[in-house]
Number of protein chains: 2
Amino acid sequence: MRNAIRQAVDITKVSESKIGQVDFNNLNFGKVFTDHMFVCDYVNGEWQTPKIVPYGPLTLDPSARVFHYGQAVFEGMKAYKDDHGDTFLFRPDENFKRINKSSERLAMPEFPESYFFDGLNTLLELENDWIKPGFGNSLYIRPFSIATQASVSASEADEYKFMIICSPAQSYYSGDVSVLIAEEFSRSANGGIGYAKAAGNYAAQFYPTNLAKKQGYQQIIWTDADTHQYIEEAGTMNLFFRVNDTLLTAPISDRILDGVTRKSLITIAEKEGIHVDVRPIKVSEIVDAATNGSLKEIFGAGTAAVVSPIKAFGYKGEHYELTPQENSYAAHFKKALLDIQYNKVEDPFGWRVKV
Amino acid sequence: MRNAIRQAVDITKVSESKIGQVDFNNLNFGKVFTDHMFVCDYVNGEWQTPKIVPYGPLTLDPSARVFHYGQAVFEGMKAYKDDHGDTFLFRPDENFKRINKSSERLAMPEFPESYFFDGLNTLLELENDWIKPGFGNSLYIRPFSIATQASVSASEADEYKFMIICSPAQSYYSGDVSVLIAEEFSRSANGGIGYAKAAGNYAAQFYPTNLAKKQGYQQIIWTDADTHQYIEEAGTMNLFFRVNDTLLTAPISDRILDGVTRKSLITIAEKEGIHVDVRPIKVSEIVDAATNGSLKEIFGAGTAAVVSPIKAFGYKGEHYELTPQENSYAAHFKKALLDIQYNKVEDPFGWRVKV
Ligand SMILES: Cc1ncc(COP(=O)(O)O)c(C=O)c1O
Ligand SMILES: Cc1ncc(COP(=O)(O)O)c(C=O)c1O
């Protein structure tokens, strides 16, 4: 809990929780939401009193700008419960800072820090029963902000809604994934909004991803739009390549999301003496490394998937399979991260924040 | 009116029109909407029965994908009334085809042609009184489609809403505009979604445009994201440059919207013997032409602004003013286009479609 005096959050509780109807052993990601949601309206140049209300539908004019001009940003975080029933967030300041960075790029008003954390903490206390203990169980938290102003003129809105909704999540093992390296489509431009968690960045990926799926790949590794010779990131994960015992990851730019998981892994690796080379990665060197056997692992890093091993990739019509490793870095990092998140070990970096 | 047998459109009329409350001499673009709207839901893999209902708010789950992943496309068209009270659309097939092209790129279901035109025609008949005769008056028509499915998993939705809303518009003279040529920010990437009328493309432009406004420019001329050496288009207009008596316009690509106004102007110009050079345009040649006096005019072309003269541009800290022309191509093309749209002249190209 933060020490700051809580902003007044207006709370309206549900009369009866729907938690009894939820099968926590069969959760589809992002489908079931908790009893309450956090809502704060931006009107007349000011964020109004934040509210927590029963989870329920929004009423918006058909001309609301979010529908027409995509003024919308979001975040993805998780709350974890340890064996003593205490709840923790992981580096929540990073998500708070990032949603405001995204908002700035989309010409949306920044959200005040105290509103964000007071709202989030109050909401998580209310939804305490929805956060299940046990490794892999978590409450997925989705803060987002949308332009609600009713008018289809193509400029930034002057009315917004900032919300936080929460969805219980299970650890799921979807199998190691195969990815296709992009040769034609791209995710973001120099000077564009790729570094922002802007809604529009995601819809743009579905069609190329569907084409990849038809070829048997679950996701795309995006490359630079200009030459398609440099590796950027995946749909909702940053990427790591282990070549012999060195880890490679692309530097952050205005085209790549600055992932919290990615930077946490870099810090953990450095502490453990694993060398991380943060530099532009050529597709050709990954192909070469796969061919000569020095490419040991590829994995994605992101809040939803944690650390996600990639077992194969496709490029220019060729398919490259990686050999499973005994001492996998991916498995090691995943455990190191989850141990911190679930309060199983010391937290030398001060990342865990108790709710 | 099309000959095709009308799809059944379920109609619920308002009990009383709000038209009496509208001041048609003081219309802000896109703020006032007519009495009814067209709505069609996509559920279980099918577009359901289209409906026309009183204009009113939408009710959507906070997890609807449009809010989180920007799956949203739109169109912009106008209905024009001539002096006999007949209403016309301008090349509506182009808008219909384009929204489906946009939808395909955003992994959204295409909308059936008969539903679109029957819905649109029925709606326009109902809203006949909202379409005011008189040069420059029109009814702005906004078809759009949004992902409504309630779930925050990052893939395409399986539920959508296709809608048409209408807003009366006046001809407005906003003064000749000054534009800033982009040197750092960009609008779209190779292999991206720039050619689609995707909601997310627009929000991305607001922040850079606001920075330009601080320097006294109303809009940005986007350049290629890669080198910033080639001119692409403006926020909601394609661009034409008149160098001596030749018109230059950039070719359509996956980064540039294939504007109906642009291609209509090319056709008109060719018919009139004005040479149009459709080819990549270097910023440097425009700067040179401005410096040596051969750059006579710049204008934007788009449904909302029709033909919009640009009087000056900024680039690399320099400001270039154009000399007003006696025989302006912009003024000529604007009149030629409006004459066709308002049924004042023959329509040799078959562009006008009577409602
Ligand atoms: C595009 C993109 N890249 C990377 C990530 C991983 O970021 P984080 O580790 O902060 O979840 C995400 C998901 O948040 C993302 O949307
Ligand atoms: C990005 C963009 N370019 C150009 C145009 C002009 O296209 P049209 O002439 O079809 O209205 C528009 C507006 O529709 C647009 O949004």
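Residues numbered from 1 in each chain as written. Chains lettered and ligands numbered in written order. Predicted model: local features only at pLDDT ≥ 70, side-chain atom pairs only at ≥ 80, totals over all residues. Heavy atoms only, no water.

**Student:** Would you mind going over the overall build of chain A in detail, with residue names and values included?
**Tutor:** Regarding its fold elements, chain A presents seven helices and 19 strands. Taken against the 2.2 N^0.38 rule, which gives 20 Å for 355 residues, the C-alpha radius of gyration of chain A at 21 Å falls within 12% of a compact globule. Taken over 355 residues, chain A has a buried fraction of 59%. Pairs at least 24 residues apart make up 72% of the contacts formed inside chain A by residues separated by at least 6 positions. (Helix = DSSP H or I, 4+ residues; strand = E, 2+ residues; numbered from the N terminus. Rg over C-alpha atoms; globule rule 2.2 N^0.38 Å. Buried < 20%, exposed > 50% of the residue type's maximum accessible area, 1.4 Å probe, protein only. Contact = heavy atoms within 4.5 Å.)

**Student:** Can you tell me about the packing of helix H5 (residues 260-271) of chain A against helix H7 (residues 329-341) of chain A, naming the residues and giving the values?
**Tutor:** Residue and element names in this part refer to chain A. One way to put it is that H5 packs onto H7 with a least axis distance of 11 Å and a crossing angle of 105°. Here H5 lies roughly perpendicular to H7, going by the angle between them. Residues Thr261, Ser264, Leu265, Ile268 and Ala269 of H5 touch H7, and the partners they reach there are Phe333, Ala336, Leu337 and Ile340. Residue classes in the contact of H5 with H7 are distributed as seven nonpolar, two polar and no charged. (Axes fitted to C-alpha atoms, helices over the stretch in contact; angles between N-to-C directions. Parallel < 35°, antiparallel > 145°, perpendicular 65-115°, else oblique. Nonpolar A, V, L, I, M, F, W, Y, C, P; charged D, E, K, R; others polar.)

**Student:** Which residues make up the relation of the copies chain B and chain A, and what are the values?
**Tutor:** Expressed as a screw transformation, the operator carrying chain B onto chain A has a rotation angle of 180° and an axial translation of 0.0 Å, and the superposed copies differ by an RMSD of 0.0 Å. Read as a symmetry element, the transformation amounts to a two-fold axis. Same-surface contact between copies: 100% of interface residues of chain B are shared with the interface of chain A. (Least-squares fit on C-alpha atoms with pLDDT ≥ 70 in both.)

**Student:** I'd like to hear about the site of ligand 1, residue by residue, with values.
**Tutor:** All names here are of chain A. Looking at ligand 1, there are 16 residues lining it, with Lys197, Tyr202, Glu233, Thr261 and Thr303 nearest. Here an oxygen atom of ligand 1 sits 2.5 Å away from a polar atom, N or O, in the side chain of threonine 261. Calculation on ligand 1 without its partners gives an accessible area of 380 Å², and the protein chains cover 97% of this total. Breaking the shell around ligand 1 down by element, the ones donating at least two residues are H5 and strand S16 (295-302). Of the residues belonging to the shell around ligand 1, the class tally is five nonpolar, seven polar and four charged. (Near = heavy atom within 4 Å. Polar contact = N/O pair within 3.5 Å; in protein donor to acceptor, adjacent residues only side chain to side chain. Areas by Shrake-Rupley, 256 points an atom, 1.4 Å probe, with all protein chains shown as cover.)

**Student:** Lay out the state of the cysteines with the relevant residues and their values.
**Tutor:** All names here are of chain A. Scanning all chains against the criterion turns up zero disulfides over all chains. Cysteine cysteine 40 is unpaired, with the sulfur of cysteine 166 as its nearest cysteine sulfur at 16 Å. Here cysteine 40 falls in the buried class, since its relative accessible area comes to 0%. (Disulfide = S-S within 2.5 Å.)

**Student:** Go over the pairing of strand S9 (residues 138-147) of chain B with me, naming the residues and quoting the values.
**Tutor:** Residues and elements named next belong to chain B. Taking burial as the measure, the ten residues of S9 include ten buried ones, the bulk of the element. Here S9 shows two buried faces, one formed by Ser138, Tyr140, Arg142, Phe144 and Ile146 and the other by Leu139, Ile141, Pro143, Ser145 and Ala147. Bridging between strand S6 (residues 72-74) and S9 involves three bridges; their strand directions are antiparallel. Each bridged residue has a counterpart across the sheet, and for alanine 72 the counterpart in S9 is isoleucine 146. Sheet topology places S9 next to strand S10 (residues 160-169); ten bridges connect them, and they run antiparallel. Following the sheet pairing, serine 138 is matched in S10 by alanine 169. (Pairing = 2+ DSSP bridges.)

**Student:** Tell me about the interface of chain B and chain A, residues and numbers included.
**Tutor:** Tallying the contact residues gives 60 residues for chain B and 60 residues for chain A. Roughly 4,900 Å² of surface becomes buried between chain B and chain A when both sides are summed, with 62% attributable to carbon and sulfur atoms. On the surface where chain B and chain A come into contact, there are zero salt bridges. Where chain B packs against chain A, one counts 22 residue pairs in polar contact (both at pLDDT 80 or more). Of all the secondary structure elements, the ones that give two or more residues to the side of chain B that touches chain A are strand S5 (58-60), helix H1 (65-69), S6, helix H2 (92-105), S9, S10 and helix H4 (199-214) of chain B. With nine residues, H4(B) is the single largest residue contributor to the side of chain B that touches chain A. Tallied by class, the residues present in the side of chain B that touches chain A amount to 33 nonpolar, 19 polar and eight charged. Here strand S5 (residues 58-60) of chain A pairs with S5(B) via three bridges, running antiparallel. Its bridge partner lying in S5(B), A:Leu58 is registered against B:Leu60. (Buried area = accessible area lost by both parts, 1.4 Å probe. Salt bridge = Lys/Arg side-chain N within 4 Å of Asp/Glu carboxyl O.)

**Student:** Residue-level account of the site of ligand 2, with values.
**Tutor:** Residues and elements named next belong to chain B. Around ligand 2 sit 16 residues in total, of which Lys197, Tyr202, Glu233, Thr261 and Thr303 are the nearest. Within the side chain of arginine 98, a nitrogen or oxygen atom sits 2.9 Å from an oxygen atom of ligand 2. At 2.4 Å from an oxygen atom of ligand 2 is found a side-chain nitrogen or oxygen belonging to tyrosine 202. In isolation ligand 2 has 380 Å² of accessible area, and contact with the protein removes 97% of it. Those elements giving two or more residues to the shell around ligand 2 turn out to be helix H5 (260-271) and strand S16 (295-302).

**Student:** Describe the domain arrangement of chain A, and please don't skip the residues or the numbers.
**Tutor:** Residue and element names in this part refer to chain A. Taken domain by domain, chain A comprises domain 1 (10-170) and domain 2 (177-341). Just the C-alpha atoms count here: the centres of domain 1 and domain 2 sit 28 Å apart. Counting each side, the surface lost to burial between domain 1 and domain 2 is near 1,900 Å², with a carbon and sulfur contribution of 63%. Three residues, Phe90, Arg98 and Arg105, lead the burial of domain 1 against domain 2; their summed loss comes to 30% of the area buried on that side. Joining domain 1 to domain 2, the criterion identifies one salt bridge. Close ionic contact of lysine 263 with glutamate 94 constitutes a salt bridge, the shortest N to O distance being 3.0 Å. Of all the secondary structure elements, the ones that give two or more residues to the side of domain 1 that touches domain 2 are strand S6 (72-74), strand S7 (77-81), strand S8 (87-90) and helix H2 (92-105). Per-element tally for the side of domain 1 that touches domain 2: the top contributor is H2, with six residues. (Domains from an automatic or database assignment.)

**Student:** Account for helix H7 (residues 329-341) of chain B, naming residues and giving values.
**Tutor:** Between its first and last C-alpha atoms H7(B) spans 18 Å; for 13 residues at 1.5 Å apiece the expected length is 18 Å, and the two agree. Listed in full, the buried residues belonging to H7(B) are B:Tyr329, B:Ala330, B:Phe333, B:Ala336, B:Leu337, B:Leu338, B:Asp339, B:Ile340 and B:Gln341. (Expected span 1.5 Å × (residues − 1).)

**Student:** Give me the pattern of salt bridges: which residues, what numbers.
**Tutor:** Residue and element names in this part refer to chain A. This structure, assessed with the given rule, holds 28 salt bridges over all chains. The salt bridge involving lysine 335 is made with aspartate 339; its shortest N-O contact spans 2.7 Å. Of this pair, lysine 335 and aspartate 339 are both found in helix H7, four residues apart, which corresponds to roughly one turn of the helix. The class for aspartate 339 is buried, based on a relative accessible area of 10%. Among the charged side chains, a salt-bridge network with shared partners connects Arg91, Glu94, Asp258 and Lys263.

**Student:** Go over the environment of B:Asp61 with me, naming the residues and quoting the values.
**Tutor:** Following the sequence through the fold, B:Asp61 ends up in the loop between S5 and H1. Of the residues examined, B:Asp61 reaches a relative accessible area of 23% and is grouped as partly exposed. Residues B:Asp61 and B:Ala150, 89 residues apart in the sequence, show an inter-C-alpha distance of 5.8 Å. For B:Asp61, the contacting residues outside a window of four places in its chain are A:Tyr55, A:Pro57, B:Phe67 and B:Ala150. At 2.7 Å, the side chain of B:Asp61 and the side chain of B:Ser63 are in polar contact.

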